[in-house]
Amino acid sequence: MSETDRIILVTGATGYIGGRLVARLLELGYHVRCLVRDPARLEGRPWLDAVEVAAGDVLDEASLAPAMNGVDTAYYLIHSLAGGADFHERDMTAARNFSIAAHGAGVRRIIFLGGLAEESPELSEHLRSRQESGDALRSGGVPVTEFRAGVIVGSGSLSFEMIRYLSERLPVMICPRWVYTRTQPIGIREVLAYLSAALEVPESTGRIIEIGGADVVTYGDMMKIYAEVRGLRRWLLQVPVLTPRLSSYWVNIVTPIPAVIARPLIEGLRNENVVHEHSAKQIFPSIDPVGYRTSVERALARLQADNVETIWSDALSSSQGDVPPVTLTVHEGMILERRQRVVAAPPGNIFRVFTGLGGERGWLTLNWAWNIRGFFDKMIGGVGLRRGRRHPDDLRVGDALDFWRVEAVEPDHLLRLRAEMIVPGKAWLQFQVTPREDGTTLLSQTAFFAPKGLAGWSYWYALYPLHAFIFSGLINRIAKRAAA
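For every chain, the first residue of the written sequence is number 1, and numbering continues from 1 along that sequence. Where local features are concerned, this predicted model is filtered to residues with pLDDT of at least 70; where side-chain atom pairs are given and counted, the filter is 80 or more; whole-chain, interface and lining totals use all residues. Computation of side-chain values: all heavy atoms of the structure, hydrogens and water removed.

**Here we look at the pairing of strand 5 (residues 109-115)**
Here strand 5 lies mainly inside the structure; seven of its seven residues are buried. Summarising the sheet, strand 5 and strand 6 (residues 144-149) pair through six bridges and their orientation is parallel. Residue pairing in the sheet places leucine 113 in a bridge with phenylalanine 147 of strand 6. Accessibility here uses a 1.4 Å probe with only protein chains present; expressed as a share of the type maximum, an area under 20% marks a residue as buried, one over 50% as exposed, and anything in between as partly exposed. Secondary structure elements are defined from DSSP: runs of H or I of at least 4 residues count as helices, runs of E of at least 2 residues count as strands, and each element is numbered from the N terminus. When DSSP finds two or more bridges between two strands, those strands count as paired.

Below, the structure is given as C-alpha cells:
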C-alpha cells in the first residue's frame with residue numbers, strides 16, 4: 001500500500017504536538033484524517049484543505065466509528081490535563097473508548113505519546129495517568145507504539161514557555177526542591193521525527209520507547225542555560241519547602257500558565273524524567289537528538305521570526321457557539337452592549353486593526369486598566385493577560401489572545417472573542433464590519449455577557465461605568481486608526 005493510499009488518523013490536531021505532526025505527515029505524502037470535537041477549531045490552519053476532518057469525541061465511543069473507517073494507523077495525542085480534577089478518570093475513559101473503536105474498525109496500529117518517568121509509588125497522578133493511558137490503549141487488542149518523553153522544548157510548548165517566562169521576568173528566583181529534579185529534555189523537532197518515522201519502522205510496533213535529548217539536566221540548569229542563551233544574568237535561591245500548590249500559584253502569577261495546569265505539571269517534576277531504556281537508538285538509528293541548548297536556540301529563533309506553528313494553549317477551552325446579533329439591552333438573560341461607528345475606510349483596513357489587538361500592541365485605550373484587570377485575574381487563579389498572542393498579525397479560531405479565546409474569524413468581516421478570565425458568567429467581545437453603499441464601512445463592537453446568578457448581575461452593573469468608558473474609547477481608536 002502506498003503512502004497516499006494509507007489513511008492516518010491524528011487526534012489532538014488542535015493541540016501543540018498534533019497540529020505540527022499533521023503538517024509533517026502531509027509533507028511526507030500521507031493521507032491524513034483529523035479527529036476533532038469541533039471542526040471549526042481547525043479553521044485557519046494552513047493545511048486544512050489538504051486533510052479530511054471527522055467530528056468525534058473520544059469520551060463518546062459511538063462517535064468514533066465513522067472517523068476510524070478505513071484507517072491504517074491512528075495517533076493518540078490526547079490528555080485531559082486541563083480538564084479539571086477528574087482528568088485521570090477522563091484519560092482512562094477516553095483511551096479505552098479509542099482502543100475499542102480502533103479494534104472494531106480494524107486499525108492496524110496506534111501510536112501514542114506518553115510521559116517519561118520511572119514507575120514508582122511516588123509517581124504523580126499526572127504521570128501515572130499518562131502511563132496508564134498506554135495500558136488502556138493496549139487493552140483493546142490493537143498493537144501500540146508508545147513513546148515516552150519528558151520535557152519537550154519548542155517554540156510555544158508548555159514546559160518551554162514556563163521556563164521562558166520565569167527566566168525572562170525574574171532576575172532572582174526562589175526555587176523549591178522540584179527545580180533540582182533531573183530531567184532529559186527533548187526538542188520538538190526530534191519528537192516529531194520519532195512519531196512520523198514510526199509509520200515506516202515495523203520494529204517499533206508493540207514497544208514502549210523512551211526518548212530524550214542529549215543532555216540530562218535539572219529545571220534549574222534549564223533556566224540558567226536559557227538565560228545564558230538570552231544574555232541574561234539570573235540567580236537561583238533554593239528553599240527547603242514550597243509545595244506544588246504554592247508553586248502553581250507562583251507560576252500562575254509570573255507566567256501565562258493557569259494554576260490548574262501548573263499544579264499537576266509541577267507535581268510531576270518531583271519524579272525524575274530520565275531515559276533508562278535505550279532502544280530508541282537501535283530502532284531509529286537515523287535520529288540523533290540534540291542537546292538542550294541547541295533546542296532552546298531553535299525555539300528562540302522561531303519565536304523571533306514570528307514563525308510559531310502551534311502553542312500549548314491552542315488545545316484549551318472548546319468553542320461555545322455563536323451569539324445572535326441582536327441589539328436589545330437584555331435578551332433571554334443575555335446582556336448586550338453594542339456600539340457602532342461609520343468609518344471612512346474599507347472593511348479590510350478596519351479588520352486588520354481589531355485583529356491586531358492584544359499582545360505587545362495592547363488594547364489602544366486605557367492599557368493600564370486592561371493590565372489591572374489581568375493582574376486581578378491572575379491573583380484569583382485565572383489566565384491574566386500574559387498569554388499574549390501566537391502571531392502579531394495573524395489570528396485563527398482557537399488562538400489564545402491575552403485573556404480571550406478566538407471563537408470566530410471571518411476575513412474582512414468579523415472577529416469574536418470569548419473571555420477566559422474568571423467572571424461570574426460568560427462573556428464575549430465581537431467586532432464586525434459591513435460595507436455601505438456610499439463607500440464607508442459600518443463598524444459594530446458588541447460586548448455580550450451571560451450573568452450567572454446575582455453575582456453575575458452585580459458584577460456587570462458594578463463595572464458598567466468603567467466598561468462603558470473603555471469600550472467607547474476602544475471603538476473610537478479602532479475607527480481613527482483604520483481611517484488614518
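Once you've had a look at it, read on.
**Some remarks on the sheet that holds strand 1 (residues 7-11)**
As summarised here, the arrangement of the seven strands in space is 3-2-1-4-5-6-11, forming an open sheet in which the pairing is parallel. Each end of this open sheet is capped by a strand with a single partner; those strands are strand 3 (52-55) and strand 11 (208-211). Averaged over neighbouring strand pairs, the angle between their axes works out to 20 degrees when direction is ignored. Pairs of residues are marked as contacts when any of their non-hydrogen atoms sit within 4.5 Å. Note on geometry: axes are C-alpha line fits, over the in-contact stretch for helices, and angles between N-to-C directions span 0 to 180 degrees. Packed on one face of the sheet, helix 6 (residues 188-197) meets strand 4 (71-76), strand 5, strand 6 and strand 11 and runs near 155 degrees to strand 5.

**Some points on the environment of glycine 115**
Relative to the helices and strands, glycine 115 is located in strand 5. Among the residues examined, glycine 115 registers a relative accessible area of 6% and is labelled buried. Glycine 115 sits 46 residues away from asparagine 69 along the chain, and the two C-alpha atoms are 29 Å apart. Filtering out sequence-adjacent residues up to four positions away, glycine 115 remains in contact with Leu127, Arg130, Gln131, Arg148 and Ala149.

**Details of helix 4 (residues 125-138)**
For helix 4, which comprises 14 residues, the first-to-last C-alpha distance of 20 Å matches the rise-based estimate of 20 Å (1.5 Å per residue) to within 8%. Taken residue by residue, helix 4 has His126, Leu127, Ser129, Arg130, Gln131, Ser133, Gly134, Ala136 and Leu137 as its buried positions. One fewer than the residue count of a helix, multiplied by 1.5 Å, yields its expected span.

**Things to note about the side chain of arginine 130**
The residue arginine 130 is located in helix 4 in this model. Setting aside chain neighbours within four positions, we find arginine 130 in contact with Ile78, His79, Asp91, Phe112, Leu113, Gly114, Gly115 and Glu146.

Interpretation in functional terms is not warranted from these geometric data alone.
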